[in-house]
Amino acid sequence: GAGVSQSPRYKVAKRGQDVALRCDPISGHVSLFWYQQALGQGPEFLTYFQNEAQLDKSGLPSDRFFAERPEGSVSTLKIQRTQQEDSAVYLCASSLGTGMTGELFFGEGSRLTVL
Amino acid sequence: LAKTTQPISMDSYEGQEVNITCSHNNIATNDYITWYQQFPSQGPRFIIQGYKTKVTNEVASLFIPADRKSSTLSLPRVSLSDTAVYYCLVGDMYSGGGADGLTFGKGTHLIIQP
């Protein structure tokens, strides 16, 4: 499709398990972002890639969270040793350029539930 | 200190014009103002972006006064399908400001009634 695709849409993990969430941005989009959205809250910035370079990871809540975009297209957000507080929707967004002008295109998100 | 302040919720009726104001007293010279709309179980969707004065597109208008310390999103003739959360973002991430320009805040929950 033409939009941002995320998988899986839903993931249930037991506390302590590792999870990997995938994002396929729009083809040709240089910038890629990950957000975390808890129930009833706005999206919280996690990390930003420009092509394959991770330029900002200031929003990652702990060293259990790791993101990569090795070839400058598909990105994976990995959460190690999941905790209940990690339960949230994880949103991926991409944009064509590298400037603040222009829009972010979001996927539908991956809903993670940690039991 | 929150970068933007919006009302938590607003109500209106079908066919009315709705104006949502966002305060951003600490806006910097390079900052742009961007509004997004989010429906349940979906990612946010871009509505409009501006720097100063007025911007209009096919779905909304954005009014920005000269001091740029606030902005108003105007939705003309709303319908039930405009019920959503609306977020105001302010920033310019690529001038060394980090990810501030990508901070969504809590947004405004707009409810449109018949």
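Note: the structure precedes this text.
Remember, predicted model here, so these are calculated numbers, not experimental data.

Chemist: I'm lost on the overall build of chain A in this one. Help?
Modeler: Broken down by element type, chain A carries zero helices and 11 strands. In chain A, the succession of α and β elements from N to C terminus is β-β-β-β-β-β-β-β-β-β-β. At 13 Å, chain A has a C-alpha radius of gyration in line with the 13 Å of a compact globule built from 115 residues. Its C-alpha atoms put chain A at 40 × 25 × 25 Å along the principal axes. Taken across its 115 residues, chain A has 46% of its residues classed as buried. For chain A, the computed accessible surface area is about 5700 Å², with 47% contributed by carbon and sulfur atoms. Taken as two groups, the 11 positive and 12 negative side-chain charges of chain A have centres that lie 8 Å from each other.

Chemist: So what exactly am I meant to see when it comes to the state of the cysteines here?
Modeler: Formally, a disulfide is one covalent bond, and it connects the sulfur atom of one cysteine to the sulfur atom of another. Applying the stated criterion to the full structure yields two disulfides over all chains. Across a sulfur-sulfur distance of 1.9 Å, C23 of chain A and C92 of chain A are joined as a disulfide pair. With the S-S bond torsion at -65°, the cross-link from C23 of chain A to C92 of chain A turns out left-handed. Of this pair, C23 of chain A sits in strand β3 (residues 19–24) while C92 of chain A sits in strand β9 (residues 88–95), and the two are 69 residues apart along the sequence. Each member of the pair C23 of chain A and C92 of chain A is classed as buried. In this model C22 of chain B forms its disulfide with C88 of chain B; the gap between the sulfur atoms is 2.2 Å. Between C22 of chain B and C88 of chain B, the S-S torsion sits near -80°, and that sign places the bridge as left-handed.

Chemist: I tried to follow the side chain of Q37 of chain B on my own but got confused; where do I start?
Modeler: All names here are of chain B. Here Q37 shows up in strand β3 (residues 32–38). By relative accessible area, which is 6% here, Q37 ends up buried. At a separation of 2.9 Å, a polar atom in the side chain of Q37 contacts the side chain of Y86. Ignoring anything within four residues of it in the chain, the contact list for Q37 reads G43, P44, R45, I47, D82, A84, V85 and Y86.

Chemist: I tried to follow the sheet that holds strand β7 (residues 70–75) of chain B on my own but got confused; where do I start?
Modeler: In a beta sheet, neighbouring strands pair by backbone hydrogen bonds and run either parallel or antiparallel. Residues and elements named next belong to chain B. Read across the sheet, four strands follow the order β2-β7-β6-β5 without closing on themselves; strand pairing throughout is antiparallel. What marks the edges here is a single partner per strand, and that holds for β2 (18–23) and β5 (53–56). Within the sheet, the average angular offset between the axes of one strand and its neighbour, ignoring direction, is 15°. Across four bridges, β5 lies against strand β6 (residues 61–64) in antiparallel orientation. From the neighbouring strand, T56 faces β6, where its bridge partner is S61.

Chemist: Whenever I open this one, the interface of chain A and chain B confuses me. Can you help?
Modeler: It is common to give the size of an interface as the accessible area lost on bringing the parts into contact. Contacts between chain A and chain B engage 24 residues on the former and 21 residues on the latter. Along the contact surface separating chain A from chain B lie zero salt bridges. For the side of chain A that touches chain B, the secondary-structure elements that each account for two or more residues are β4 (31–37) and β5 (44–50) of chain A. Partitioned by chemical class, the residues of the side of chain A that touches chain B number nine nonpolar, 10 polar and five charged.

Chemist: Is there a simple way to think about the pairing of β9 of chain A in this case?
Modeler: The side chains of a regular strand alternate between both faces of the sheet. Residues and elements named next belong to chain A. By the criterion of burial, β9 is predominantly enclosed, with eight of the eight residues buried. Residues A88, Y90, C92 and S94 line one face of β9 and the alternating positions V89, L91, A93 and S95 line the opposite face, and both faces are buried. Pairing analysis gives three bridges linking β9 to strand β11 (residues 110–114), with the strands arranged antiparallel. Paired with A88 across the two strands is L112, which belongs to β11. Note: β9 against strand β10 (residues 105–106), two bridges, orientation antiparallel. Bridged to A93 within β10 is F106.

Chemist: Would you take a moment to explain the sheet that holds β3 of chain B for this structure?
Modeler: Residue and element names in this part refer to chain B. As summarised here, the arrangement of the five strands in space is β1-β9-β8-β3-β4, forming an open sheet in which the pairing is mixed. Both edges of this open sheet fall to β1 (9–13) and β4 (45–50), since each of them pairs with a single strand only. Strand after strand, the sheet turns through a mean of 25° between neighbouring axes, direction not considered. The pairing of strand β8 (residues 84–91) with strand β9 (residues 108–113) spans three bridges and is classified as antiparallel. Across the sheet, Y86 pairs through a bridge with T108, a residue of β9.

The rules behind the values
Residues numbered from 1 in each chain as written. Chains lettered and ligands numbered in written order. Predicted model: local features only at pLDDT ≥ 70, side-chain atom pairs only at ≥ 80, totals over all residues. Heavy atoms only, no water. Helix = DSSP H or I, 4+ residues; strand = E, 2+ residues; numbered from the N terminus. Rg over C-alpha atoms; globule rule 2.2 N^0.38 Å. Buried < 20%, exposed > 50% of the residue type's maximum accessible area, 1.4 Å probe, protein only. Areas by Shrake-Rupley, 256 points an atom, 1.4 Å probe, with all protein chains shown as cover. Lys, Arg positive; Asp, Glu negative; His and termini not counted. Charge placed at Lys NZ, Arg CZ, Asp CG, Glu CD. Disulfide = S-S within 2.5 Å. Polar contact = N/O pair within 3.5 Å; in protein donor to acceptor, adjacent residues only side chain to side chain. Contact = heavy atoms within 4.5 Å. Pairing = 2+ DSSP bridges. Axes fitted to C-alpha atoms, helices over the stretch in contact; angles between N-to-C directions. Salt bridge = Lys/Arg side-chain N within 4 Å of Asp/Glu carboxyl O. Nonpolar A, V, L, I, M, F, W, Y, C, P; charged D, E, K, R; others polar.

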